[in-house]
Amino acid sequence: MAVLIIGCGYLGFQVAKQLIAQGQEVHAVTRTRGAELAAAGIQPNVGDITGKISLNAYDAVIYAVARDRASGISMRELYYDGLNNVLDQLPPPARFLYVGSTSVYGQTDGSWVNEDSETEPLEENGRLMLECERLLISRLPHANVVRFAGIYGPGRILRRAELLAGHPLVGNADKWLNLIHRDDGAAALLAILQQAPAGRHYLVADNHPVSRRDFYIAAAEVLGAPPAKFEDGPETARHGGHRRISSARLQSETTWVPKFPSFRQGLPDSVSSV
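Overview of the structure. (Residues numbered from 1 in each chain as written. Predicted model: local features only at pLDDT ≥ 70, side-chain atom pairs only at ≥ 80, totals over all residues. Heavy atoms only, no water.)

### Structural notes on the overall build of the protein chain
Link 1 in the chain: Within the protein chain, the regular secondary structure consists of 9 helices and 15 strands.
Link 2 in the chain: Across its three principal axes, the protein chain shows a C-alpha extent of roughly 50 × 40 × 40 Å.
Link 3 in the chain: Contacts in the protein chain between residues at least 24 apart in sequence constitute 76% of all its contacts with a sequence separation of at least 6.
Link 4 in the chain: Surface exposure of the protein chain reaches about 12100 Å², of which carbon and sulfur atoms provide 50%. (Helix = DSSP H or I, 4+ residues; strand = E, 2+ residues; numbered from the N terminus. Contact = heavy atoms within 4.5 Å. Areas by Shrake-Rupley, 256 points an atom, 1.4 Å probe, with all protein chains shown as cover.)

This is the structure in structure tokens:
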């Protein structure tokens with residue numbers, strides 16, 4: 001199977017490595033990392049999704065684009081215009097997996113959320129992600145939309161710099177935080193690609209929501225940072241939601257089982273930068 005990864009970054013690169021380990025042919029779109037990807041056994045396609053790009057036919061496409069704030073490209077240009085540009089130039093593949101976000105949900109009552117729950121985003125980012133999903137499905141109805149909870153893992157612990165600096169974390173510390181370890185997220189995408197039907201939506205989380213208070217206390221301990229401190233204050237849009245994300249559909253329709261079933265197993269693995 002020839003698989004194209006668009007967005008071969010923190011998550012996408014791990015997906016590529018797992019595919020290569022299975023003996024699959026992996027290609028990836030990149031603006032600047034051609035030599036690095038080639039050294040890892042990935043066939044680079046140098047181009048920019050917001051500009052001119054040459055795309056061949058592939059058996060499957062995994063779209064996992066994430067914003068590089070240093071690029072100067074706006075979120076709408078990258079996520080919506082970039083996706084539209086790719087769809088204009090890509091021969092329709094048999095499988096297309098789109099990595100989206102659980103920010104498309106707006107529940108604030110702490111309830112469990114699944115693929116059938118209402119999507120009424122609280123913040124602009126969530127509304128943009130929902131627009132992207134609708135654009136994709138209007139053009140590729142058989143695509144899989146895969147909504148991810150917060151991704152953490154090696155070299156990436158949420159609010160690491162603030163914890164290390166001993167800064168207080170502002171907002172309601174008792175709201176739910178939904179997480180997925182990077183490696184488990186990559187394995188979930190492979191399970192969906194290889195086992196799930198096309199056109200089906202899935203949520204990816206470890207099914208063990210944690211209060212922000214408990215997570216950041218544990219994260220500070222793992223990092224050797226000062227004890228986590230919390231401060232009441234106005235909620236930012238990013239942290240205004242309060243919901244629990246269920247991956248029950250993914251686990252019932254594939255053989256996916258997270259290696260890191262909660263943050264307590266995943267945090268020690270996340271201190272490294274690998």
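Past the structure itself, the notes keep going.
### Thoughts on the environment of Asn84
Link 1 in the chain: For Asn84, the location among the structural elements is in helix 3 (residues 75-89).
Link 2 in the chain: A relative accessible area of 27% places Asn84 in the partly exposed class.
Link 3 in the chain: Remark: the alpha-carbon pair of Asn84 and Lys17, spanning 67 residues in sequence, is separated by 27 Å.
Link 4 in the chain: Once residues lying within four places of it in the same chain are set aside, the contact partners of Asn84 are Leu135 and Arg139. (Buried < 20%, exposed > 50% of the residue type's maximum accessible area, 1.4 Å probe, protein only.)

### Describing the nonpolar core
Link 1 in the chain: In terms of nonpolar packing, the biggest core is built from 36 residues, with Ile6, Ile49, Tyr63, Leu83, Phe96, Tyr98 and Leu136 touching the most fellow members.
Link 2 in the chain: Elements supplying a minimum of two residues to this core: strand 1 (2-6), strand 4 (60-63), helix 3, strand 5 (95-101) and helix 4 (124-139).
Link 3 in the chain: With 6 residues, helix 4 is the largest single contributor of residues to this core.
Link 4 in the chain: If you look at the next biggest cluster of nonpolar residues, it comprises 33 residues, including Ala16, Val26, Ala28 and Trp256. (Core = buried A, V, L, I, M, F, W, Y, C linked by side-chain atoms within 4.5 Å.)

### Description of the sheet that holds strand 2 (residues 25-30)
Within a sheet, adjacent strands bond to each other through the backbone by hydrogen bonds, running parallel or antiparallel.
Link 1 in the chain: Here 7 strands make up an open sheet; going across it, the order is 3-2-1-4-5-7-12 and the pairing parallel. Two strands bound the open sheet, and with one partner strand each, they are strand 3 (43-46) and strand 12 (202-204). The sheet shows a mean angle of 20° between the axes of neighbouring strands, direction not considered.
Link 2 in the chain: Looking at chain direction, strand 7 (residues 144-148) and strand 12 are connected through 3 bridges and run parallel. Bridge pairing in strand 12 places Arg147 opposite Leu203.
Link 3 in the chain: Along the sheet, helix 4 contacts strand 5 and strand 7; its crossing angle with strand 5, the most-contacted strand, is approximately 165°. (Pairing = 2+ DSSP bridges. Axes fitted to C-alpha atoms, helices over the stretch in contact; angles between N-to-C directions.)

### Comments concerning the packing of helix 7 (residues 212-223) against helix 9 (residues 263-270)
Link 1 in the chain: Where helix 7 contacts helix 9, the two axes come as close as 10 Å, and the packing angle between them is 35°. Helix-helix and strand crossings are classified by hand; for helix 7 and helix 9 the assignment is right-handed. Mapping the contact onto sequence places Asp214, Phe215, Ala218, Ala219 and Val222 in helix 7 and Phe263, Arg264, Leu267 and Pro268 in helix 9.
Link 2 in the chain: When its residues are assigned to classes, the contact of helix 7 with helix 9 shows 7 nonpolar, no polar and 2 charged. (Left-handed = near helix turned anticlockwise from the far one by under 90°. Nonpolar A, V, L, I, M, F, W, Y, C, P; charged D, E, K, R; others polar.)

### Brief notes about the state of the cysteines
Link 1 in the chain: Considering all chains together, one arrives at 0 disulfides under this definition.
Link 2 in the chain: The thiol of Cys8 is not disulfide-bonded; the next cysteine sulfur, from Cys132, is found 20 Å away.
Link 3 in the chain: On the accessibility criterion, Cys8 (4% relative accessible area) is buried. (Disulfide = S-S within 2.5 Å.)

### Some thoughts on the pairing of strand 1
Link 1 in the chain: A large share of strand 1 lies buried, amounting to 5 of its 5 residues.
Link 2 in the chain: Residues of strand 1 alternate between two faces, with Ala2, Leu4 and Ile6 on one and Val3 and Ile5 on the opposite face, all of them buried.
Link 3 in the chain: The parallel pair strand 1 and strand 2, bridged by helix 1 (residues 10-21), forms a crossover whose chirality is right-handed.
Link 4 in the chain: Pairing between strand 1 and strand 4: 4 bridges, direction parallel. Residue Val3 lies in a different strand from strand 4, and its bridge partner there is Ala60. (Right-handed = clockwise from strand over helix to strand, strands pointing away.)

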